[in-house]
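# Summary of structural features
Residues per chain, in single letters:
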Amino acid sequence: MTSNADARHTILVGVDGSDSARRAACWGAREARRRGAVLSLVHVCYIPDTLPRYPAPPKERFDEAMVEAGESTLSEAKDAALAEAPDIQVETYVHIGPVAATLVAESKNARLVVLGSRGLGGFAGLLVGSVGVTLAAHGACPVVVVPKDGDGRETPADVGLGDVDGAGCVVVGIDGSRRSDPAVEFAFDAASQRGVPLVAVHVWNQATIDTDWPELSIATSHEAEGQLESLVASERLAGWREKYPDVEVTVRVRRGRPAEMLLEEAGREEAPAELIVVGSRGRGPLLGLGLGSVSQKVLHHAGVPVAIVRSGAQA
Ligand SMILES: Nc1ncnc2c1ncn2[C@@H]1O[C@H](COP(=O)(O)OP(=O)(O)OP(=O)(O)O)[C@@H](O)[C@H]1O
Ligand SMILES: [Mg+2]
């Protein structure tokens, strides 16, 4: 990115001309306004090395045409973003290269990457496309995936952009390990910026206890286990409560399947989530994978924007 804007002040949106990406640009515009950040709209053209010989034009002309098409896609997205937040600074960039890898590289120059859940391609059956999943797993900064409108996954929050006029909340999933700390910090900051409460959800079940704290397995009742889990959750929040005294925090400890419980808490009618925040990895055993199973499920089934915050990738 050739930009004067400091990475800490740049919100990058990936734009491919889809309706989903336009919604991502609108969400990014609101976020840029909230944070006084620059909105950087990026389109990546993937131009294969080998083009069909006939009747394709010479490669240079083909490249030119792709870049021109990208510029016009970006200009539409810019109009949509400025209609949402007229006073923000918007920059546009066309890059040439493999799409996900280029956006992963560009994420180093941003404080936040925003993408639509789907793009122009892909299988209709998938809820989140490959670019969204790759960035969530490998992006250098937190990634927000904005859901498609009318996916049939309605929540009480305004479907899609997640704005509920200050009546909502930010929901963060904490698994009791340090790995969710960056997600917790991101969530406190997001709640503080929006002036809404933070709901920290800690879900536990026998499997998490057996795996991580064998000594807790001897607890005699679910009630006793639940109390211990509450302590674990509170400990993870302690420092952040002091740093963000303006944020009203509720801790909810649930027993069951983590992704299901998180989505249930996010969909509460009285205080629907505007944003769900999860870490990219939890305490699961498959450390080689970029995205844990709970994060994946939340990403694929949430009806509101989801922020994925990797350990070591802080806003
Ligand atoms: N060429 C691109 N340039 C910039 N951003 C892109 C590009 N392609 C996708 N994106 C971003 O990623 C989001 C998700 O698109 P993605 O490509 O993952 O889904 P898809 O096209 O439905 O599926 P797939 O490409 O995996 O077949 C888009 O809404 C957009 O924000
Ligand atoms: Mg695509």
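Here is what the cut-offs are and how they apply
Residues numbered from 1 in each chain as written. Chains lettered and ligands numbered in written order. Predicted model: local features only at pLDDT ≥ 70, side-chain atom pairs only at ≥ 80, totals over all residues. Heavy atoms only, no water. UniProt positions renumbered as here; feature names shortened; annotations may be inferred. Helix = DSSP H or I, 4+ residues; strand = E, 2+ residues; numbered from the N terminus. Buried < 20%, exposed > 50% of the residue type's maximum accessible area, 1.4 Å probe, protein only. Contact = heavy atoms within 4.5 Å. Areas by Shrake-Rupley, 256 points an atom, 1.4 Å probe, with all protein chains shown as cover. Pairing = 2+ DSSP bridges. Axes fitted to C-alpha atoms, helices over the stretch in contact; angles between N-to-C directions. Near = heavy atom within 4 Å. Polar contact = N/O pair within 3.5 Å; in protein donor to acceptor, adjacent residues only side chain to side chain. Nonpolar A, V, L, I, M, F, W, Y, C, P; charged D, E, K, R; others polar. Salt bridge = Lys/Arg side-chain N within 4 Å of Asp/Glu carboxyl O. Phe/Tyr/Trp six-rings, centres within 6.5 Å; stacked < 30°, edge-to-face > 60°. Core = buried A, V, L, I, M, F, W, Y, C linked by side-chain atoms within 4.5 Å. Domains from an automatic or database assignment.

The chain goes by Nucleotide-binding universal stress protein, UspA family in an unreviewed UniProt entry, where it is assigned to Haloechinothrix alba. Note on the chain: under the UniProt heading Sequence similarities (unreviewed entry), the record states "Belongs to the universal stress protein A family."

## Section: the overall build of the chain
Along the chain, the regular secondary structure elements total nine helices and 10 strands. Taken across its 315 residues, the chain has 50% of its residues classed as buried. Within the chain, contacts between residues separated by at least 24 positions form 78% of all contacts whose residues are at least 6 apart in sequence. Carbon and sulfur atoms form 51% of the exposed surface of the chain, whose accessible area is close to 14600 Å².

## Points about helix α9 (residues 293-301)
Inspection of α9 places Ser-295, Val-298, Leu-299 and His-300 among the buried residues, and these make up the whole buried set. The inward-facing, buried residues of α9 abut α4 (130-138), β5 (143-146), α8 (258-266), β9 (273-279) and β10 (306-309).

## Description of the sheet that holds strand β4 (residues 112-116)
Here 10 strands make up an open sheet; going across it, the order is β3-β2-β1-β4-β5-β10-β9-β6-β7-β8 and the pairing mixed. Looking at which strands have only one partner, the edges of the open sheet turn out to be β3 (90-96) and β8 (249-255). Each strand axis lies, on average, 25° off the axis of its neighbour in the sheet, ignoring direction. Sheet topology places β9 next to β10; four bridges connect them, and they run parallel.

## Side note on the site of ligand 1
Residues in close proximity to ligand 1 total 21 residues, the closest being Gly-14, Val-44, Arg-118, Ser-130 and Val-131. Take Ser-130: an N or O atom from its side chain is 2.5 Å from an oxygen atom of ligand 1. At 2.7 Å from an oxygen atom of ligand 1 is found a main-chain nitrogen or oxygen belonging to Val-131. Protein contact buries 88% of the 610 Å² of open area that ligand 1 shows by itself. Secondary-structure elements contributing two or more residues to the shell around ligand 1 are β2 (38-45), α3 (99-106), β4 and α4. Of the residues in the shell around ligand 1, the class split is nine nonpolar, 10 polar and two charged.

## Quick look at the pattern of salt bridges
Charged atoms that come close allow side chains of opposite charge to pair. Applying the stated criterion to the full structure yields 14 salt bridges. Between Glu-84 and Arg-30 there is a salt bridge, with its nearest N and O atoms 2.8 Å apart. With Glu-84 in helix α2 (residues 59-84) and Arg-30 in helix α1 (residues 19-35), this residue pair connects regions lying 54 residues apart in the sequence. Since its relative accessible area comes to 14%, Arg-30 is described here as buried. Its salt-bridge partner being Arg-35, residue Asp-189 comes within 2.9 Å of it at the nearest N-O pair. Of this pair, Asp-189 sits in helix α5 (residues 181-194) while Arg-35 sits in helix α1, and the two are 154 residues apart along the sequence. Across the pair, Arg-35 and Asp-189 agree in class, each one buried. Salt bridges sharing common partners tie together Glu-31, Arg-34, Arg-35, Asp-189, Arg-194 and Glu-274.

## Structural notes on the packing of aromatic side chains
Counted under the stated rule, the structure contains one aromatic pair. Arranged with centres 5.6 Å apart and planes meeting at 20°, the rings of Phe-188 and Tyr-244 form a pair that is stacked. Note that Phe-188 is positioned in helix α5 and Tyr-244 in the loop between α7 (222-243) and β8, a separation of 56 residues in sequence. Across the pair, Tyr-244 and Phe-188 agree in class, each one buried.

## Quick look at the pairing of β10
By the alternation rule, side chains of β10 split into Val-306 and Ile-308 and Ala-307 and Val-309, which are all buried. Sheet topology note: the β5/β10 ladder contains three bridges and is antiparallel. In the sheet register, Val-143 faces β10, and the bridge partner there is Ile-308.

## Notes on the pairing of β2
Of all eight residues making up β2, eight are buried, and the element is well covered by its neighbours. Going residue by residue along β2, you find Val-38, Ser-40, Val-42 and Val-44 tucked away on one face and Leu-39, Leu-41, His-43 and Cys-45 tucked away on the opposite face as well. With five bridges joining them, strand β1 (residues 10-14) and β2 adopt parallel strand pairing. What sits directly across from Ile-11, in β2, is Leu-39. Sheet topology places β2 next to β3; seven bridges connect them, and they run parallel. What sits directly across from Cys-45, in β3, is Ile-96.

## Quick look at the nonpolar core
Formed by 43 residues in total, the largest nonpolar core has its most connected members in Leu-39, Leu-41, Val-170, Phe-188 and Val-277. Formed jointly, this core draws a minimum of three residues from each of two domains, domain 1 (7-146) and domain 2 (169-309). Contact partners of Val-170, with chain neighbours within four places excluded, come to Ala-187, Ala-190, Ala-191, Arg-194, Val-196, Pro-197, Leu-198, Val-199, Leu-275 and Val-277. Core analysis: the second largest hydrophobic core is formed by 35 residues, Val-42, Val-145, Val-171 and Val-199 among them.

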